[in-house]
Structure formats: C-alpha cells, structure tokens
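These are the residues of each chain, in order.
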Amino acid sequence: MPVPWFLLSLALGRSPVVLSLERLVGPQDATHCSPGLSCRLWDSDILCLPGDIVPAPGPVLAPTHLQTELVLRCQKETDCDLCLRVAVHLAVHGHWEEPEDEEKFGGAADSGVEEPRNASLQAQVVLSFQAYPTARCVLLEVQVPAALVQFGQSVGSVVYDCFEAALGSEVRIWSYTQPRYEKELNHTQQLPALPWLNVSADGDNVHLVLNVSEEQHFGLSLYWNQTGPQIITLNHTDLVPCLCIQVWPLEPDSVRTNICPFREDPRAHQNLWQAARLQLLTLQSWLLDAPCSLPAEAALCWRAPGGDPCQPLVPPLSWENVTVDKVLEFPLLKGHPNLCVQVNSSEKLQLQECLWADSLGPLKDDVLLLETRGPQDNRSLCALEPSGCTSLPSKASTRAARLGEYLLQDLQSGQCLQLWDDDLGALWACPMDKYIHKRWALVWLACLLFAAALSLILLLKKDHAKAAARGRAALLLYSADDSGFERLVGALASALCQLPLRVAVDLWSRRELSAQGPVAWFHAQRRQTLQEGGVVVLLFSPGAVALCSEWLQDGVSGPGAHGPHDAFRASLSCVLPDFLQGRAPGSYVGACFDRLLHPDAVPALFRTVPVFTLPSQLPDFLGALQQPRAPRSGRLQERAEQVSRALQPALDSYFHPPGTPAPGRGVGPGAGPGAGDGT
C-alpha cells in the first residue's frame, strides 16, 4: 500500500529531516549496468533452484558483493510504494588452462587458444529475494567485453530495480550464477519499522498517539503545505515552551529551519501549567501529565476544611524531583482526602491537587498529628493547625490544644489512622467529629434545607417562565441531498421560527460551521439544546436514510457526494449512541415530507421516537415540539395552518417545478401522500 510521506520520514530518520528517496515511475522492473558492460533482464521470474556447484571451464563472471538501496516506485505523483534496489558487483574468477598438447601441435594449438582468450565473457546472474510472505527470483544476463577481462579484478556492477518490500520486514537476498561455479552470496537487511500512529477523539479534543519504544528517537512534523507569503495565526492558548516551528521548501534534500520562540514566553509557561494534570495511579504512585518536560519538585501537604491554605508536610517529608510522565511514589501507608500534592517550579507553587479526594470523599474535619522520634525512644507530638504545629499537651488557646488530652487518648486507643511511618517519625489523622458541639445542628440544617428548597422552587419557576417566553430550543438536522431540498428545509425552519421556538440549523450558521468543523459545531449545538431542555429534530430524506443505513451496517460513514457543511453526516457519531442507549425518547423527534419518504422507510432504530409526516401531521408534530410539561394549546391547529401556509410554496416548488401544475395541500388526515394529485 502507498506509504504516507510524513510517516516514511518518521520511520527512516532519527531527527526531523526528510530522507530524500529516488522515485521510479512506472510498474516495470528494469536493469542497468556499469559503463562498458551490457545487461538484459529476462521478461519473467524464474524458479529459485541454485543447483550444485560445478567446476568452471575457464574464466567466469562471479558475484562478489551485494549492495541495496531504498527507492520509491510511483504509479502516480502521490501513489508510491517502498522498493529495494539491488546492485551486484562482478569480478573475473578462474584462468585459462594451458593445453596439454601445446608442444605437440605447435602453432595449430596457439591459434585455437588465442580465439577464446580474446572473446568476451557472458554470465547469467540470479537474484533471489525473500521477505515473508513473498519470494522471487529474477535472471540478469551480463556480457563483459574482452578488453575488461582481467583475472581477479572487478569488472563493474549490474543494478536491478526493484523488489517491493514493506516497512519493518526482514529482507534476504541471494545471488549466484547459472550454472553455479561458486557459493552464492547472501545479504540480510532489516527495513526500518514504522511506528504505529493513531488519531483518536476525546470529546472536542483530538489526540495523535504515536506508539514507539522508549529508546527510539523520532521527529514528527505537522505542517501547512502552502505557497507564497503566509500569515499563520496561532491560538494563544496553544502556546507552550516546547512548541517549535520548522520551515522548509518542499523539494528534495531541503534544509530545514527550526526555531523555538516560546521557551521563555510567560504566556506559554502559564498555558503549560494550566494544561498539566496530576494522576493518581495507586495508593502510593502518581504521575505528572504535561505537554512539555519541565523542572519541578513535589511534596505532600495537608488541607483542612474551611478554605485554609494547604500546609506542606516538609519536614518530616521532603521535596521530590518530578519528571513528566514518570511514575513517582510517596511512602504512604494509607490515603486520606485531606492529603494533597503540591508541585513547585522556580520556587513558585504551580499546581496543587488532592488526589485521594476523588476516591475517599470530601475533606474531613480531622486533625493531623506529627510524631517526632528522637534518641532513646524519646518522642514528641504536635497537632498541625493553620497557625503552626501545636505541641501536645499544651495550654494554648487553639482548638487542638483544648482537645489535646482527648486526641492523645484516641491515639493510644487506636482510633487515629496512621498515614506514614519511618525511623524519624509518623503521621496520624485523628477524627474530630465527636468533639464538635451539635446542639443546634439539626435546627440549622432544617432551616438551610427549607431555604434551599424555597430558592430552588423560585428558580425553577423563573426558569420555566423564562423558557416559556423564549420558546423551546429546537436543533434541526437533515441530509443535504440537493439544493432544492435545502431550500425546503430552510422554509420549514423559517416557518417554525414564527412560533415560540428557537430553531438552530446549519444553513444559518455557515461561518461557525466552517470555523469549527461539522463535528464540533453539531456537538456544541446538541449539548446546548439538550441542556436547555430542547429537542433535536431528525428530518429524514432518501439521502439521510441511506446514510443512517451505512452507519448501522458498517459503523462508519460511507463515501458520498456530501458538502463540507453536512452536519447530518457529522452528527451520526453522537446521535446513534443516544438511540442505542435508550436516551433518545423525549429529546428527539423524527419527521419526513409527504410524497418524498414513507415513515416505514426510516430505520427501525430511529422509529423508537415519534416520526411525523409533513405537512399532513403538522399539529401532532408541533405538539411534540412543545415543552414536555406545557399544556396543549387550543391554538395548536391555528399554528399548524400558519406553518403549512408558509411551507406550501416551497413544497410546490420542490415537488412541482415551474411549468407543471402545483396541487393544493391542506392540514389534516386527508392531506397525506398523494392527496390532491389524483393518485
């Protein structure tokens, strides 16, 4: 299969420099040889049968060395395959045997011997190629003129173009003459392995995953293929210190210019730390995930509820150097939600996360006791508080000092959780719940619940009134089968806007659709519509049904004549999970136009939500677009007739082009497919 240029560069180079390969045009194999030699390639492959070694009758041509080179065989400008060129170096081996009866026959013998000594040498050279699962043998005929025949000397080489090979394969090549006068030459070559490159999506983000070994160096370039002066705008949020720019002309062996202008940019460093994340792997192991390598150090800290700063546990613990994407460990015995990790860089706090809070719950009102061990089993205890570490027992006026006696009793009775322990000390988390006065806790809790409930009711009423005034959000999705159908969709969307509905359709958002891309635009519109309690309308047409069927059969969208703004095609990746997981009812509605598509043609999966035909079922369709708890309005029939009147000219223009009679259509059970046209 054709090899992409940037992946081929990635496989062959140890730095971001393109390795220029010679391009061979055409599918035919060919051969050429050194000046003075003549050579010819047999028209077809031969059987790979070396045969036994036989004595040479005199001077013969023999392969002495094999040399290979990677080239590209191209059918078209951008359709190229990797190919292995093989050069066979030849030399003259053996010598002329002196006739035994030279003296006996005198001059007659001399004249018979001089003729072959002045003749040219010919040889049939076999090249055998093996690269699992392929094996080939080709035959090259070579002729050396008598002037170049020198015993034991090289006469030149013959080159064969070429054996097709795959990246990462092991290639074995043998060469010998036919008949075979000497042991065959052999050469083994391991072609460079192509790293696996995958592109995956995570919501609105796209990940480029390159699977290479830790020892392998590589360079990867994402570039614009442009001509002439260009102004390229980078989003300031994408700038990080390790973002570099490489510029080069698209021509063989071009010199590349590299600059890394954001290494000292404060905005780039700020973006780097905003993108950095701490990940807890196990109880003790974690890692720092960041776009760039950076010098940093980390330590544990204790965060008490109430908004007080997280207090570093240094000492007794120490700061540890951090390497990006390398697993690090803290010597903890147990995890605690109040334990957090602080990451400093350039003596400034850059990142702080309480890694254990996700699995162990919210912050607890616990007191952290620090035990310090000295010689001869001497030990001291202090309680960590915002003002410092309070020795226990103590006569200070802090909370820990007042409860110091009880905390020591809890520690001795085993009610405290030991978090860390070594020869120098230990850390203990002691609960404080039972020491907090709770006389009015239930009363205050009831008051807070009542106030919260009252606020929630008022908020819901306000939101309901606001939603009723603004109208329900409706996202209209369709397949752009042709320009006439797009005009019909635009007429329907305009008619629905006359009702208390806020309609979103890609026809009215071309600029945002081009800037964001169909997938991102639809994802944002769908999320906003469903969060606001809106409804997604799937407008089915023959093209939409065909596209849905392709997705349901293959799991991917098949090729077709769809424009760059086809949001329906882009939306299927998000719509299908809602139907497959049963989340569609109540949030989705289907529709199709009379005489264009029968509802039974809609795939069964999408008929789990109501599918209406328009305009015959306009009243029911408009009723489904209302708020779920909104009362059925007596004006629904009047609004349906209003939409039908606005839609009718577009229907007549679509189903009856100018010059043909346009039958009238009404609203009601009798206005279904075929009504009014005599069918």
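Described below are features of the structure shown in this document. As the structure is a prediction and not an experimental result, all values here were calculated from the model.

1. Description of the overall build of the chain
What the chain contains, in helices and strands, is 15 helices and 32 strands. For the chain, buried positions account for 40% of its 679 residues. Taking all contacts inside the chain whose residues are at least 6 apart in sequence as the whole, residues at least 24 apart take part in 64%. Accessible area for the chain stands at about 38,700 Å²; split by element, carbon and sulfur atoms hold 54% of it.

2. A short note on the state of the cysteines
What makes a disulfide is a covalent bond joining the sulfur atoms belonging to two cysteines. A full pass over the atoms with the stated rule returns eight disulfides. Across the disulfide, Cys242 is cross-linked to Cys292 (sulfur-sulfur distance 1.9 Å). In this structure, the disulfide formed by Cys242 and Cys292 twists by about -70° around the S-S bond and is classed as left-handed. In this pair, Cys242 is assigned in the loop between β12 (205-211) and β13 (245-247) and Cys292 in the loop between β16 (285-289) and β17 (296-302), connecting sequence segments 50 residues apart.

3. Comments concerning the pairing of strand β7 (residues 134-144)
For strand β3 (residues 38-41) and β7, the ladder comprises four bridges, and the chain directions are antiparallel. For Arg40, the partnering residue across the bridge sits in β7 and is Glu141. Bridge analysis of strand β6 (residues 121-131) against β7 gives 11 bridges, and the strand direction is antiparallel. The residue of β7 that forms the bridge with Ser128 is Cys137. Once β6 ends, the chain turns through two residues before running back antiparallel as β7.

4. A look at the pattern of salt bridges
The full count for this structure, using the stated rule, is 19 salt bridges. Its salt-bridge partner being Glu371, residue Arg373 comes within 3.3 Å of it at the nearest N-O pair. Here the residues in one salt-bridge network are Asp29, Asp45, Arg73, Arg136 and Glu164, joined through shared partners.

5. Here we look at the packing of helix α9 (residues 483-497) against helix α15 (residues 636-655)
When two helices pack together, their arrangement is given by the angle between the helix axes and the distance between those axes. The N-to-C vectors of α9 and α15 enclose an angle of 175°; their axes lie 9 Å apart at closest approach. With respect to each other, α9 and α15 are oriented roughly antiparallel. Touching Gly484, Phe485, Leu488, Ala491, Leu492 and Ala495 of α9 are Val643, Ala646, Leu647, Ala650, Leu651 and Tyr654, all from α15.

6. Side note on the packing of aromatic side chains
One pass over the full model with this rule turns up 10 aromatic pairs. Each ring, one from Phe129 and one from Phe163, has its centre 4.4 Å from the other, and the planes form 10°; the classification is stacked. Of the two residues, Phe129 is situated in strand β6 and Phe163 in strand β8 (residues 154-164); the sequence distance between them amounts to 34 residues. A relative accessible area of 1% means that Phe129 is categorised as buried. Judged by relative accessible area, which is 0%, Phe163 ranks as buried. Through a chain of ring-to-ring contacts, three or more aromatic side chains come together here, namely Phe485, Phe593, Tyr654 and Phe655.

7. With respect to the environment of Ala304
Secondary-structure assignment places Ala304 in the loop between β17 and β18 (311-312). When the C-alpha positions of Ala304 and Pro337 are compared, they lie 9.7 Å apart, and in sequence the two are 33 residues distant. Once residues within four sequence positions are removed from consideration, Ala304 is found in contact with Asn338 and Leu363.

8. Let's talk about the sheet that holds strand β25 (residues 388-392)
Taken together, five strands build an open sheet; the order of strands is β25-β24-β23-β27-β26 and the sheet is antiparallel. Two strands lie at the open edges of the sheet, namely β25 and β26 (417-421), each paired on one side alone. Pairs of neighbouring strands in the sheet enclose a mean axial angle of 30°, with direction left out of account. Bridge analysis of strand β23 (residues 366-373) against strand β27 (residues 425-431) gives seven bridges, and the strand direction is antiparallel. Along β27, the bridge assignment pairs Glu371 with Ala426.

9. Some details on helix α4 (residues 266-275)
For α4, the complete set of buried residues consists of Ala268, Asn271, Leu272 and Trp273. You can read the cap of α4 off the contacts: a side-chain oxygen lies 2.9 Å from the backbone nitrogen of Arg267, and it is on Asp265.

10. Topic: a nonpolar patch on the surface
A grouping of Ile232, Leu234, Ile245, Val247 and Ile259 is seen on the molecular surface, where their side chains present a nonpolar patch of about 410 Å² in accessible area. Relative to the elements of secondary structure, Ile232 occurs in the loop between β12 and β13.

11. Some remarks on α15
End to end, α15 covers 27 Å across 20 residues, agreeing with the expected 28 Å (1.5 Å per residue, within 8%). A maximum bend of about 40° is found in α15 at Leu647, where proline Pro649 lies one to four positions downstream. Here α15 has its buried residues at Leu636, Arg639, Ala640, Val643, Ser644, Leu647, Gln648, Ala650, Leu651, Asp652 and Phe655. Among the structural elements, α9, β31 (588-593) and α14 (618-625) are those in contact with the buried residues of α15.

12. Description of the sheet that holds β7
Sheets are built from strands that pair by backbone hydrogen bonding, the pairs being arranged parallel or antiparallel. With respect to topology, five strands assemble into an open sheet ordered β3-β7-β6-β9-β10, the strand pairing being antiparallel. Only two strands of the sheet have a single neighbouring strand rather than two, namely β3 and β10 (185-190). Neighbour-to-neighbour, the strand axes of this sheet turn through a mean angle of 20°, independent of strand direction. The pairing of strand β9 (residues 170-177) with β10 spans six bridges and is antiparallel. Considered in β10, the bridge of Glu170 is made with Gln190.

13. Observations regarding the side chain of Ser571
For Ser571, the position within the fold is in helix α13 (residues 567-580). For Ser571, a relative accessible area of 0% gives the class buried. Dropping the residues within four chain positions of it, Ser571 is found in contact with Leu477 and Phe522.

14. Here we look at unusual backbone geometry
For the peptide bond that leads from Asp161 to Cys162, omega is -10°, which places it in the cis range. Within the fold, Cys162 resides in strand β8. Of note, the bond from Leu614 into Pro615 is cis; its omega dihedral lies within 30 degrees of zero at 5°. With respect to the helices and strands, Pro615 occurs in the loop between β32 (611-614) and α14. Residue Ser346 is not a glycine yet carries a positive backbone phi of 55°.

15. Brief notes about the pairing of β26
As judged from the four bridges shared by β26 and β27, these two strands associate in the antiparallel manner. Each bridged residue has a counterpart across the sheet, and for Gln418 the counterpart in β27 is Trp428. Where β26 folds back on β27, the antiparallel hairpin that results is connected by three residues.

16. Details of the environment of Cys574
Checked against the element boundaries, Cys574 lands in helix α13. On the basis of relative accessible area, Cys574 is assigned to the buried category, the value being 18%. Through-space distance from the C-alpha of Cys574 to that of Val519 is 8.9 Å; in sequence the pair is 55 residues apart. Setting aside residues up to four positions removed in sequence, Cys574 forms contacts with Phe522, His523 and Arg526.

What counts as what
Residues numbered from 1 in each chain as written. Predicted model: local features only at pLDDT ≥ 70, side-chain atom pairs only at ≥ 80, totals over all residues. Heavy atoms only, no water. Helix = DSSP H or I, 4+ residues; strand = E, 2+ residues; numbered from the N terminus. Buried < 20%, exposed > 50% of the residue type's maximum accessible area, 1.4 Å probe, protein only. Contact = heavy atoms within 4.5 Å. Areas by Shrake-Rupley, 256 points an atom, 1.4 Å probe, with all protein chains shown as cover. Disulfide = S-S within 2.5 Å. Pairing = 2+ DSSP bridges. Salt bridge = Lys/Arg side-chain N within 4 Å of Asp/Glu carboxyl O. Axes fitted to C-alpha atoms, helices over the stretch in contact; angles between N-to-C directions. Parallel < 35°, antiparallel > 145°, perpendicular 65-115°, else oblique. Phe/Tyr/Trp six-rings, centres within 6.5 Å; stacked < 30°, edge-to-face > 60°. Polar contact = N/O pair within 3.5 Å; in protein donor to acceptor, adjacent residues only side chain to side chain. Patch = residues over 30% accessible without salt bridge, like charges linked within 9 Å, V, L, I, M, F, W, Y side chains within 5 Å. Expected span 1.5 Å × (residues − 1). Bend = angle between axes of the 7 residues up to and from the residue.

That's the geometry; what it means functionally is another story.
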